[in-house]
Amino acid sequence: MIILACDHNGFDLKEQIKAFFNSENITTIDVGTYSKERVDYPDFAKAGCERVLENKLNIGIFICGTGIGMSMVANRNPEIRAALCSSKTDAIYARKHNDANVLIISGRNTSIRKAIKMIKLFLTTDFEKGRHLKRLKMF
Ligand code: RB5
């Protein structure tokens, strides 16, 4: 399942991303926020992580202004590997080398076009394991 989370600065992009998944008939779980009213991003990062951790196959897509706050909060959880991505290459390597289970996007700096490209790559790239698995075990 795909879990969406955002703060007020990520709201517009989150809504566009949700509409994209809807158009592809892919169900998402949206833990909020649900408007542009100012909120605290840690609440939504925590709520998103809780849902991601319900199933190993779950993937999170979290958005705040820069993506930095969401990343910091999400990565406090040992089972979450959240990657702030700003390019297609980031999205590919976040999966290939880091087995990221949460894609973090900046709502301020990312167009919907670019977000969708990154999301598609993130969702279709497999973890390479091998030496990268050894490194994950060193966290
Ligand atoms: C909220 O003002 C802003 O700090 C948030 O959207 C994000 O950029 C945090 O890292």
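Our structure is the block above this text.
Note that the structure is a prediction, hence the values are computed from the model and not measured.

Visitor: I would appreciate a short explanation of the site of the ligand in the present structure.
Guide: Around the ligand lies a shell formed by Asp7, His8, Asn9, Tyr41, Cys64, Gly65, Thr66, Ile68 and Gly69. Asparagine 9 places a side-chain nitrogen or oxygen 3.0 Å from an oxygen atom of the ligand. Backbone polar atom of glycine 65 to an oxygen atom of the ligand: 2.8 Å apart, as the coordinates give it. In isolation the ligand exposes 290 Å². Once the protein is present, 72% of that is buried. By residue class, the composition of the shell around the ligand is 3 nonpolar, 5 polar and 1 charged.

Visitor: Which parts of the structure should I look at to understand the packing of helix 1 (residues 11-23) against helix 5 (residues 112-124)?
Guide: Describing two packed helices takes the angle between their axes plus the distance from one axis to the other. In the contact formed by helix 1 and helix 5, the axes pass within 10 Å of each other and the chain directions differ by 55 degrees. The orientation of helix 1 relative to helix 5 falls into the category oblique. For the element pair helix 1 and helix 5, the recorded crossing hand is right-handed. When helix 1 is examined against helix 5, the residues Leu13, Gln16, Ile17, Phe20 and Phe21 are found in contact with a partner set consisting of Ile112, Ala115, Ile116, Ile119, Lys120 and Leu123. Here the residues of the contact of helix 1 with helix 5 sort into 9 nonpolar, 1 polar and 1 charged.

Visitor: When you look at unusual backbone geometry in this model, what are you seeing that I'm missing?
Guide: Outside of glycine, negative phi angles account for most residues, and trans bonds account for most peptide bonds. Omega for the bond connecting glycine 32 with threonine 33 falls within 30 degrees of zero, at 10 degrees, which places this linkage in the cis form. Secondary-structure assignment places threonine 33 in the loop between strand 2 (28-30) and helix 2 (41-52). With a phi close to 60 degrees, lysine 129 is a non-glycine residue in the positive phi region. Take lysine 129: it is sitting in the loop between helix 5 and helix 6 (131-137).

Visitor: What is the right way to read the pattern of salt bridges from this model?
Guide: Once the charged atoms of two side chains with opposite charge are near each other, the side chains can pair. Following the criterion strictly, the structure yields 9 salt bridges and no others. Taking the shortest distance from any N to any O, the salt bridge between lysine 14 and glutamate 15 comes out at 2.8 Å. When the shortest N-O distance is used, the salt bridge between aspartate 30 and lysine 14 registers 2.7 Å. Here lysine 14 lies in helix 1 and aspartate 30 lies in strand 2, a separation of 16 residues in the sequence.

Visitor: Looking at this model, I keep getting lost on a positive patch on the surface. Mind explaining?
Guide: Positive charge collects at one region of the surface, where Lys88, Arg113, Lys114 and Lys117 lie side by side. Here the positive patch takes 3 residues from helix 5, the largest share from any one element. Judged by relative accessible area, lysine 117 falls into the partly exposed class, the value being 35%.

Visitor: Explain the layout of surface pockets to me, please; I cannot follow it from the model alone.
Guide: Over the atoms rolls a probe the size of a water molecule, and its path tells where empty space is left. Estimated volume of the largest pocket: approximately 400 Å³. Taken together, 16 residues make up the lining of the largest pocket; nearest its centre are Lys56, Glu79, Arg81, Asp99 and Asn101. Its residues assigned to classes, the lining of the largest pocket shows 8 nonpolar, 3 polar and 5 charged.

Criteria and thresholds
- Residues numbered from 1 in each chain as written.
- Predicted model: local features only at pLDDT ≥ 70, side-chain atom pairs only at ≥ 80, totals over all residues.
- Heavy atoms only, no water.
- Near = heavy atom within 4 Å.
- Polar contact = N/O pair within 3.5 Å; in protein donor to acceptor, adjacent residues only side chain to side chain.
- Areas by Shrake-Rupley, 256 points an atom, 1.4 Å probe, with all protein chains shown as cover.
- Nonpolar A, V, L, I, M, F, W, Y, C, P; charged D, E, K, R; others polar.
- Axes fitted to C-alpha atoms, helices over the stretch in contact; angles between N-to-C directions.
- Helix = DSSP H or I, 4+ residues; strand = E, 2+ residues; numbered from the N terminus.
- Parallel < 35°, antiparallel > 145°, perpendicular 65-115°, else oblique.
- Left-handed = near helix turned anticlockwise from the far one by under 90°.
- Contact = heavy atoms within 4.5 Å.
- Salt bridge = Lys/Arg side-chain N within 4 Å of Asp/Glu carboxyl O.
- Patch = residues over 30% accessible without salt bridge, like charges linked within 9 Å, V, L, I, M, F, W, Y side chains within 5 Å.
- Lys, Arg positive; Asp, Glu negative; His and termini not counted.
- Charge placed at Lys NZ, Arg CZ, Asp CG, Glu CD.
- Buried < 20%, exposed > 50% of the residue type's maximum accessible area, 1.4 Å probe, protein only.
- 1 Å grid on protein atoms, 1.4 Å probe; cavity = no way out; pocket = protein on both sides within 12 Å on 5 of 7 lines; lining within 4 Å.
- Points joined across faces, edges and corners; volume = space filled by probe spheres on them.

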